[in-house]
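Chain by chain, the residues:
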Amino acid sequence: MIDTTDFYGRTNEKTKTSTNLVQLLDCPCGKTPTELNLIEGSTCKWAYVTGNCCGEWNVEFRTEYNKIDTDECMKLAIDEWNRAPRPLKGEN
Ligand SMILES: [Zn+2]
């Protein structure tokens with residue numbers, strides 16, 4: 001039998017967007033994105049992540065040279081999305 005377990009430890013029956021596997025934190029716009037979009041940065045080392053809620057707030061993250069459409073890159077984006085400090089509400 002072929003080992004189809006991928007690096008998330010789940011059975012690799014169907015590879016879905018890896019954002020389905022984790023809880024995303026709220027965007028500063030007040031909504032919780034269900035998906036994240038990755039945007040290539042100026043170099044292959046950096047990219048931006050935005051939520052599908054408003055698409056306005058973005059966080060820069062290191063791709064570690066992973067291609068932008070890979071699960072590994074999405075994982076880094078999710079980490080950064082959840083770790084990034086949110087702007088305080090009511091502050092200009
Ligand atoms: Zn938003």
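As a starting point, this report considers the structure included with it. (Residues numbered from 1 in each chain as written. Predicted model: local features only at pLDDT ≥ 70, side-chain atom pairs only at ≥ 80, totals over all residues.)

Turning next to the overall build of the protein chain. Summing up its helical and strand segments, the protein chain has 1 helix and 3 strands in all. Going residue by residue from the N terminus, the α and β elements of the protein chain occur as β-β-β-α. Looking at the protein chain residue by residue over its 92 residues, the buried ones come to 16%. A separation threshold of at least 6 residues defines the contact pool for the protein chain, and within that pool the share at least 24 residues apart is 34%. (Helix = DSSP H or I, 4+ residues; strand = E, 2+ residues; numbered from the N terminus. Buried ≥ 20, exposed ≤ 12 C-beta atoms within 10 Å, placed from the backbone. Contact = placed C-beta atoms within 7 Å.)

As a further point, take helix 1 (residues 71-83). With 13 residues, helix 1 should cover 18 Å at 1.5 Å per step; its first-to-last C-alpha distance of 18 Å lies within 8% of that length. Looking only at helix 1, the buried set comprises C73, M74, A77, I78 and W81. Seen end-on, helix 1 carries its buried residues on one side only, within an arc spanning 140 degrees. Lining the buried residues of helix 1 we find strand 1 (36-40), strand 2 (46-51) and strand 3 (58-62). (Expected span 1.5 Å × (residues − 1). Arc of directions from axis to C-beta.)

This part is about the pairing of strand 2. As judged from the 5 bridges shared by strand 1 and strand 2, these two strands associate in the antiparallel manner. Residue pairing across strands places I39 opposite Y48, the latter belonging to strand 2. The hairpin turn running from strand 1 into strand 2, its antiparallel successor, is 5 residues long. Pairing of strand 2 with strand 3, which is carried by 5 bridges, proceeds in the antiparallel orientation. Residue pairing for strand 3: Y48 is matched across the bridge by E60. Linking two consecutive strands that pair antiparallel, namely strand 2 and strand 3, is a turn of 6 residues; a positive phi of about 70 degrees is found at G55 within it. (Pairing = 2+ DSSP bridges.)

Read from one edge of the open sheet, 3 strands run 1-2-3, paired in antiparallel fashion. Lying at the two open borders of the sheet, with one neighbouring strand each, are strand 1 and strand 3. Direction aside, the axes of adjacent strands within the sheet are offset by 30 degrees on average. Lying on the sheet, helix 1 is in contact with strand 1, strand 2 and strand 3; it crosses strand 1 at an angle near 110 degrees. (Axes fitted to C-alpha atoms, helices over the stretch in contact; angles between N-to-C directions.)

The next point concerns unusual backbone geometry. Phi at E64 is positive, roughly 55 degrees, even though this residue is not glycine. With phi around 65 degrees, Y65 is a residue other than glycine that occupies positive phi space. Among the secondary structure elements, Y65 is positioned in the loop between strand 3 and helix 1. Judged by C-beta crowding, with 10 C-beta atoms within 10 Å, Y65 ranks as exposed.

Structurally, A84 is set in the segment after helix 1. Judged by C-beta crowding, with 16 C-beta atoms within 10 Å, A84 ranks as partly exposed. Sequence separation between A84 and N58 is 26 residues; the distance between their C-alpha atoms is 9.7 Å.

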